[in-house]
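Descriptive analysis of the structure
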Amino acid sequence: MTSLLDAPPRVITVGAGLLDEALRAQAVPTTPVAWRPPLPGTAEDLARVLADPRRHEANERAVARLVSARPHLVGVRRASEVLGPGVFLHAGPPITWERASGPMRGALIGAMLLEDLAADEHDAADRLAAGAVALRPCHEQATVGPMAGVVSPSMWLFEVRDDEHGGTAYCSLNEGLGKVLRYGAYGPEVLERLRWMDGVLGPALAGALERTGPIDLRWLMAQALQMGDELHNRNRAATSLLLRELAPAVVEAAPSDAAAVLRFIHGNDHFFLNAGMAAAKAATDAARDVPGSSLVVAMARNGTDFGIQVSGLGGRWFTGPAGVPDGLYLGSYGPADANPDIGDSTITETSGVGGFVMAASPAIVRFVGGEVADAVRATRSMYEITLAEHPAFQIPGLGFRGTPVGIDVTLVVRTGLLPVVNTGIAGRVAGTGQVGAGLVEPPVEAFTGALRALAEAIK
């Protein structure tokens, strides 16, 4: 006690900044601690989950599996080899035609026309409403898809295998920007591009990968982060690195089409996104089904709902309303033209990149709005709701600190901090295409619902 009385005061301030400011005005050194109460109505569930003796070890095991995954691009395959007959995949949690948003409906209509399952858009809509094809979430078939995420049998998919844990994941090929199927457009130019991808791009890439052998995506993504990508809305470096790996083999595999194929990839800075999404899916799937774990293994949106899945809760979805992103709009478009958030591309944030590493990609702020300092703050805040730092993915601007990875439901609820997501913005009306890009917050209900289920699962 004497040492405490004789020594200079050491003051820790918690909560509101008024006390801290008053002491500092009197030249009293303080150590401020950012503290927030848990989200309202969660205290009992939170206490029960935090007291679960399995939780700490389960989370360590789950996040260790996530960060140790070694995804390799091993091939390009037709979706018909992966899907069941009469099945279309879509992004996000399960949804019916009746609840589907404009861009989701547009993409499904376009897929019906692509597959020659309807005479025109009206016939396609009628057939979809009547249940002519089964609609299933991509995530339920080891697949992810950007924006509407619609996958139909004739499309080609990147195939990614996790060499560490043995899992396999798939993602469609990227069409480029503008009026594209994934944003709900289905005009003649959209279908013409998809048919070219079916007849030329897919076979050329499949042949090229037979020649290159597996491509280490973990290594490629780590390099791209050092070069200014954040691997969700900026993939310029990653696309260039992938093109460098593929180009000679494309020339060998498809000499007559090589120029068109390489020109297409070169002209699409987001081409790598889909391969990166499949890599992220393979990594997060490795962390699934660990009893007692509160690690988030999927975040996805279907344009109506935003849903999450948790390692210790199997394939259950916990959802809330998808929000409208806040960001920058193209041309004369504005918030009134925007659809609520859509797409499986939040698998990037779930795996520790994307919006979580905007500090590694200062250029991204010009795309989604804000300042470089905002990007740094966003990344720093994500360390508060994650379980680990990625050993391979590092942020140069933060002293090569590992990226924040492993979203923990309990940390989200305890802090009130929601995962940072940057995203493209789809037009609300089917056929519009992309109208902008920005940031969006997941709904709180998804995380509180998952916490409640974790609490109820404890015996």
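This is a predicted model, so every value here is computed, not measured. (Residues numbered from 1 in each chain as written. Predicted model: local features only at pLDDT ≥ 70, side-chain atom pairs only at ≥ 80, totals over all residues. Heavy atoms only, no water.)

Each helix and strand in the protein was counted, giving 16 helices and 18 strands. Counting only C-alpha atoms and orienting by the principal axes, one finds that the protein spans roughly 85 × 50 × 45 Å. With 459 residues in all, the protein has 58% of them scored as buried. For the protein, the proportion of contacts with a sequence separation of at least 24, taken over those separated by at least 6, is 71%. Element-wise, carbon and sulfur atoms account for 54% of the exposed surface of the protein, whose accessible area totals about 18,500 Å². Seen as two clouds, the 38 positive and the 49 negative side-chain charges of the protein have centres 3 Å apart. (Helix = DSSP H or I, 4+ residues; strand = E, 2+ residues; numbered from the N terminus. Buried < 20%, exposed > 50% of the residue type's maximum accessible area, 1.4 Å probe, protein only. Contact = heavy atoms within 4.5 Å. Areas by Shrake-Rupley, 256 points an atom, 1.4 Å probe, with all protein chains shown as cover. Lys, Arg positive; Asp, Glu negative; His and termini not counted. Charge placed at Lys NZ, Arg CZ, Asp CG, Glu CD.)

Tallied over the entire structure, the rule returns three cavities of 30 Å³ or more. For the largest cavity, the lining is made up of 18 residues, of which M155, S172, L173, E175 and L194 are closest to its centre. Those elements that provide at least two residues to the lining of the largest cavity are α5 (102-114) and α7 (188-212). No other element matches α7, which puts three residues into the lining of the largest cavity. (1 Å grid on protein atoms, 1.4 Å probe; cavity = no way out; pocket = protein on both sides within 12 Å on 5 of 7 lines; lining within 4 Å. Points joined across faces, edges and corners; volume = space filled by probe spheres on them.)

Pairing within the open sheet is antiparallel, and its four strands lie in the order β12-β11-β10-β14. Where the open sheet ends on each side, the last strands, each with one partner, are β12 (318-321) and β14 (342-343). Sheet analysis places strand β10 (residues 296-302) next to strand β11 (residues 305-310), joined by five bridges and oriented antiparallel. Among the inter-strand pairings, A300 is bridged to a residue of β11, identified as G307. Contacts from helix α16 (residues 444-457) reach β10, β11 and β12, with the element oriented near 155° to β12. (Pairing = 2+ DSSP bridges. Axes fitted to C-alpha atoms, helices over the stretch in contact; angles between N-to-C directions.)

Here the focus is the packing of aromatic side chains. Here the distance between the centres and the angle between the planes together describe a pair of aromatic rings. Enumeration according to the criterion identifies two aromatic pairs in this entry. Ring geometry for F158 and F271: centres 5.9 Å apart, planes at 80°, overall edge-to-face. With a gap of 113 residues between them, F158 in strand β7 (residues 156-162) and F271 in helix α11 (residues 271-285) connect regions that are remote in the sequence. Each member of the pair, F158 as well as F271, carries the same accessibility label: buried. Taken together, a centroid distance of 5.1 Å and an interplanar angle of 55° make the contact between W196 and F264 tilted. Here F264 lies in helix α10 (residues 258-266) and W196 lies in helix α7, a separation of 68 residues in the sequence. (Phe/Tyr/Trp six-rings, centres within 6.5 Å; stacked < 30°, edge-to-face > 60°.)

Another aspect to go through is the sheet that holds strand β9 (residues 215-216). Ordered in space as β6-β8-β7-β3-β9, the five strands form an open sheet in which the pairing is mixed. Looking at strand neighbours, the two that pair on one side only are β6 (143-144) and β9, the edges of this open sheet. Bridge count between β7 and strand β8 (residues 168-172): five bridges; the pairing is antiparallel. Paired with F158 across the bridge in β8 is C171. Each of β3 (71-78), β7 and β9 touches α7; the most contacted strand, β3, lies at about 140° to it.

Before going further, it helps to spend a moment on the layout of surface pockets. Of the voids in this model, the largest pocket is the one considered here, and its volume is about 280 Å³. Lining the largest pocket we find 19 residues, and of these M358, A378, V420, L439 and E441 sit closest to its centre. Put simply, the parts of the chain that give the lining of the largest pocket at least two residues each are α14 (372-382) and β18 (434-440). Here the lining of the largest pocket takes six residues from α14, the largest share from any one element.

On to the environment of L451. Structurally, L451 can be placed in helix α16. Of the residues examined, L451 reaches a relative accessible area of 0% and is grouped as buried. L451 sits 380 residues away from P71 along the chain, and the two C-alpha atoms are 30 Å apart. Aside from chain neighbours lying at most four places away, what touches L451 is T42, D45, L46, V49, V409, T410 and V413.

Where β3 lies against β7, seven bridges are found, and the strand directions are antiparallel. Each residue of the ladder has a partner; that of V76, found in β7, is F158.

Inspection of the secondary structure puts G354 in the loop between α12 (347-350) and α13 (365-368). Remark: the alpha-carbon pair of G354 and I12, spanning 342 residues in sequence, is separated by 34 Å. With sequence-adjacent residues up to four places away left out, G354 is seen in contact with E230, H232, T348, E349 and N422.

So, about α11. Taking 1.5 Å per residue, 15 residues should reach 21 Å; α11 reaches 23 Å between its end C-alpha atoms and fits that length. Counting buried positions along α11 gives 14 out of 15 residues, so the element sits mostly inside the fold. (Expected span 1.5 Å × (residues − 1).)

So, about unusual backbone geometry. Positive phi is not limited to glycine here, since A142 has a value of about 55°. Topologically, A142 is positioned in the loop between β5 (134-137) and β6. A142 sits in the partly exposed class, given a relative accessible area of 22%.

With that settled, the discussion passes to the state of the cysteines. Inspection of every chain in the model, using the stated rule, returns zero disulfides. You can see C138 has no disulfide; the closest cysteine sulfur is in C171, sitting 7.7 Å from it. Judged by its relative accessible area of 0%, C138 falls in the buried class. Under the relative-accessibility criterion, C171 is labelled buried at 0%. (Disulfide = S-S within 2.5 Å.)

With that settled, consider the side chain of N339. By the secondary structure assignment, N339 is in the loop between β13 (326-329) and β14. The class for N339 is buried, based on a relative accessible area of 3%. Within the structure, N339 has its side chain in polar contact with the side chain of S101 (distance 3.4 Å). (Polar contact = N/O pair within 3.5 Å; in protein donor to acceptor, adjacent residues only side chain to side chain.)

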